[in-house]
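Chain by chain, the residues:
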Amino acid sequence: MWRFENRRFVFATSLPVAVAMSPSPSQLLKQESEQFRQWKASREKEFLQVYEFIGLTELYYAGSHVMDIIGPVRQAVPDNHPNCTIRSTGNEGKEVNLFQPAAEFLPLIDEVFESLVESTKDIKGAKVENNKFCVCVHYRNVDDKVHWDLVGQIVHDILKGYPRFQLTHGRKVLEVHPMIDWDKGKAVTFLLASLGLSNCDDVFPIYIGDDRTDEDTFKVLREENKGYGILVSSAPKESNAVYSLRDPSEVLLIFFVMFCCCTCMEVKPPKKPFIV
């Protein structure tokens with residue numbers, strides 16, 4: 001959280017965490033593209049591994065389509081919340097809040113995962129991944145488009161036996177997750193409440209995302225007039241976001257400029273606009 005001109009800025013992003021892991025502000029603009037690819041790969045692993053790697057219990061970490069959230073223990077989170085428990089985790093054994101709105105679905109998710117693995121094992125290039133609260137079926141490496149349709153049909157057939165699950169489409173990936181009233185917009189609202197910032201006039205949330213699932217957050221911020229959504233896209237798209245950036249390197253530039261403003265450092269204006 002940064003403060004500038006009596007306002008506190010709260011940043012949230014669904015982009016790779018390389019942005020948050022830059023060693024120092026002066027190196028924010030020196031990240032190489034290979035570093036982004038490495039962190040994108042890390043997003044597909046258990047996000048607890050990222051939590052353990054970063055090791056900062058004062059941050060919030062969200063994974064599995066924001067159905068798995070780890071954050072610091074705060075008074076703003078009700079102790080009797082049905083989906084929020086306190087547990088000890090990490091190498092230092094510090095207590096954290098664990099929020100899992102779809103915890104009851106875990107046994108069924110394992111069943112769906114095992115069924116999909118068995119049913120797609122003979123399709124070369126198909127990969128099934130259990131992301132705890134979401135099962136992803138990747139077909140990017142499946143050669144024949146005919147087999148793409150076969151992968152899709154297999155997923156549809158298996159889901160007939162699980163009416164409480166829904167199917168969404170990503171970039172050459174089919175995503176199976178519980179059908180609950182929860183999305184990234186509700187997650188950001190929950191996080192602001194957890195921080196005790198829901199009704200603070202001096203707080204300005206900024207959410208940066210590059211996926212269509214981020215539109216839920218853009219919409220919440222726009223409708224409630226509580227902050228700005230920023231879409232990252234190389235091509236113009238219809239969006240609820242207020243601004244857009246072309247690529248992750250411009251996200252780093254945003255963080256760098258904000259850091260400089262909030263620390264009263266002199267910042268030279270960029271040679272070309274980076275918000276369009």
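One can find the structure itself at the top, above this paragraph.
Please read these numbers as outputs of a predicted model, since none were measured by experiment.

Trainee: Explain the overall build of the protein here, please?
Mentor: Looking only at helices and strands, one finds seven helices and 13 strands in the protein. Looking at the protein as a whole, 41% of its 276 residues qualify as buried. Long-range contacts, defined as pairs at least 24 residues apart, comprise 51% of the intrachain contacts of the protein with a sequence gap of at least 6. Entry remark: accessible area of the protein is about 15800 Å², with carbon and sulfur atoms responsible for 51%.

Trainee: In this structure, what is going on with the side chain of Glu129? I would like to understand it.
Mentor: Position of Glu129 relative to the elements: it lies in strand β7 (residues 127-130). Despite its burial, Glu129 pairs with no opposite charge; the closest candidate is Lys127, at 4.8 Å N-O. Here His138 takes part through its side chain, which lies 3.1 Å from a polar atom of the side chain of Glu129.

Trainee: What should I look at first to understand the environment of Ser115 in this one?
Mentor: Within the element layout of this structure, Ser115 appears in helix α3 (residues 106-120). The class for Ser115 is partly exposed, based on a relative accessible area of 27%. Here the alpha-carbon distance between Ser115 and Leu159, two residues 44 residues apart in the chain, equals 10.0 Å.

Trainee: Is there a simple way to explain α3 in this structure?
Mentor: Turn by turn, an α-helix covers 3.6 residues, leaving residues three or four places apart pointing in a common direction. The end-to-end C-alpha separation of α3 is 21 Å, in line with the 21 Å expected for 15 residues at 1.5 Å each. For α3, every residue scored as buried is listed here: Ile109, Val112, Leu116 and Thr120. Buried residues of α3 fall within an arc of 60° about the axis and therefore sit on the same side. Residues of α3 that are exposed and point more than 90 degrees away from the buried face comprise Pro107 and Glu114. On its buried face, α3 is in contact with β7, β8 (135-138), α4 (145-159), β9 (165-169) and β10 (173-178).

Trainee: How do you make sense of the pairing of β10 when you look at a structure like this?
Mentor: Working note: regular strand, side chains alternate between the two faces of the sheet. Summarising burial for β10: six of the six residues are buried, a large majority. Alignment of β8 against β10, held across four bridges, turns out to be antiparallel. Each bridged residue has a counterpart across the sheet, and for His138 the counterpart in β10 is Val173. One ladder, built from five bridges, connects β9 with β10; its direction is antiparallel. Note that in β10 the partner of Phe165 across the bridge is Pro178. Counted between consecutive antiparallel strands, the loop separating β9 from β10 contains three residues, among which Lys172 sits at a positive phi close to 55°.

Trainee: Whenever I open this one, the side chain of Asp68 confuses me. Can you help?
Mentor: Within the secondary structure, Asp68 is located in strand β4 (residues 68-72). Overall, Asp68 belongs to the buried group, its relative accessible area being 1%. Within the structure, the side chain of Asp68 is placed 3.2 Å from the side chain of Lys132, a separation counted as a polar contact.

Trainee: Whenever I open this one, unusual backbone geometry confuses me. Can you help?
Mentor: Among all residues except glycine, the phi angle is most often negative; among peptide bonds, the trans geometry is most common. Here the phi dihedral of Lys132 falls at roughly 75°; this positive angle occurs in a residue that is not glycine. Inspection of the secondary structure assignment puts Lys132 in the loop between β7 and β8.

Definitions and cut-offs
Residues numbered from 1 in each chain as written. Predicted model: local features only at pLDDT ≥ 70, side-chain atom pairs only at ≥ 80, totals over all residues. Heavy atoms only, no water. Helix = DSSP H or I, 4+ residues; strand = E, 2+ residues; numbered from the N terminus. Buried < 20%, exposed > 50% of the residue type's maximum accessible area, 1.4 Å probe, protein only. Contact = heavy atoms within 4.5 Å. Areas by Shrake-Rupley, 256 points an atom, 1.4 Å probe, with all protein chains shown as cover. Lys, Arg positive; Asp, Glu negative; His and termini not counted. Salt bridge = Lys/Arg side-chain N within 4 Å of Asp/Glu carboxyl O. Polar contact = N/O pair within 3.5 Å; in protein donor to acceptor, adjacent residues only side chain to side chain. Expected span 1.5 Å × (residues − 1). Arc of directions from axis to C-beta. Pairing = 2+ DSSP bridges.

Worth remembering: the numbers are spatial, not functional.
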